[in-house]
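Structural features, examined
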Amino acid sequence: IWLSNPNYVADNRQWNNFQDDVNDFHGLPWEFIPRSTTVQFMDLTVSIEGERLSTDLFEKPMALYLYIPPHSTHPPGGINGLITGQMLRIFTLCSDPERIKVHTLNFLHRLQARGYDKKDLIPLL
């Protein structure tokens, strides 16, 4: 993420100086991508929106979401841990309440697709 300077020449100079400083640190060469107001890091998307940072879950487009099915021989508390962990992840990483709703519903639908009954899941969410 790069917060641009309105002056194009100064902005380019600052960007080049930043790249030089980073590449001079311990002699490690870095590969830079074009500047952007959005970056994905692990399971998080961070964006600059006006004067604020916005965060959201990053999910790979090809992810299969193969959660443990309900008929698995795993201990019964496993689903509780899965749901608690995922809900904590959603509420911690998403800064927009509307995106929290979207991710929660997606999670519910994915669990249903794996064979879980909605009436058993709702109390856990």
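Read on for an overview of the structure. Every chain is numbered on its own, with residues counted from 1 as its sequence reads. Local features are withheld for residues below a pLDDT of 70 in this predicted model, meaning they are given only at 70 or higher, and side-chain atom pairs are given and counted only at 80 or more; totals for whole chains, interfaces and linings count all residues. Note: side-chain values were computed over all heavy atoms of the structure, leaving out hydrogens and water.

Here we look at the packing of aromatic side chains
- Here a pair means two rings of Phe, Tyr or Trp (six-membered ring of Trp) with centres within 6.5 Å. Their orientation is stacked below 30 degrees between planes, edge-to-face above 60, and tilted elsewhere. Taken as a whole, this structure holds five aromatic pairs when the rule is applied.
- The interplanar angle of 40° and the centroid separation of 6.4 Å between the aromatic rings of Tyr-65 and Tyr-67 together place this pair among those described as tilted.
- Using a relative accessible area of 22% as the deciding quantity, one classes Tyr-65 as partly exposed.
- Both rings, one in Tyr-67 and one in Phe-107, keep their centres 5.4 Å apart while their planes meet at 85°; by these two values the pair is edge-to-face. Of this pair, Tyr-67 sits in the loop between strand S3 (52-57) and helix H2 (78-93) while Phe-107 sits in helix H3 (residues 97-113); the two residues are 40 residues apart in sequence, bridging distant segments of the chain. For the pair formed by Tyr-67 and Phe-107, the shared burial category is buried. Exposure classes here rest on a 1.4 Å probe applied to the protein chains alone. A residue is buried below 20% of its type maximum, exposed above 50%, and partly exposed in between. In DSSP terms, a helix is any run of H or I states spanning at least four residues, a strand is any run of E spanning at least two, and both are numbered starting from the N terminus.

Some details on the nonpolar core
- Here the nonpolar core consists of buried residues drawn from Ala, Val, Leu, Ile, Met, Phe, Trp, Tyr and Cys, with membership extended through side-chain atoms lying within 4.5 Å. Counting residues in each nonpolar core, the largest one holds 16 residues, and the members touching the most others are Ile-83, Ile-90, Phe-107, Leu-111 and Leu-121.
- With five residues, H2 is the largest single contributor of residues to this core.
- Once residues within four sequence positions are removed from consideration, Ile-83 is found in contact with Phe-107, Leu-111, Leu-121, Leu-124 and Leu-125. It only takes one pair of heavy atoms within 4.5 Å for two residues to be counted as in contact.

Things to note about the pairing of strand S1 (residues 38-41)
- At least two DSSP bridges between two strands are needed for those strands to be called paired. For S1 and strand S2 (residues 44-49), the ladder comprises four bridges, and the chain directions are antiparallel. By the bridge assignment for S2, Val-39 is matched with Val-46.
- Two successive antiparallel strands, S1 and S2, enclose a turn made up of two residues, where Met-42 displays a positive phi of approximately 55°.

Here's the deal with the pattern of salt bridges
- Salt bridge, as used here: a side-chain nitrogen of Lys or Arg that lies within 4 Å of a carboxyl oxygen of Asp or Glu. Within the structure shown, the criterion is met by seven salt bridges.
- Of the charged contacts, one joins Glu-98 and Lys-101 as a salt bridge, the two residues approaching to 3.3 Å between their closest N and O atoms. With Glu-98 and Lys-101 both in helix H3, this residue pair falls three residues apart, about one helical turn.
- In this structure Glu-98 comes out as partly exposed when scored by relative accessible area, which is 47%.

What about the environment of Gln-112?
- Among the secondary structure elements, Gln-112 is positioned in helix H3.
- Its relative accessible area of 29% is what places Gln-112 among the partly exposed residues.
- Setting aside chain neighbours within four positions, we find Gln-112 in contact with Lys-118 and Leu-121.

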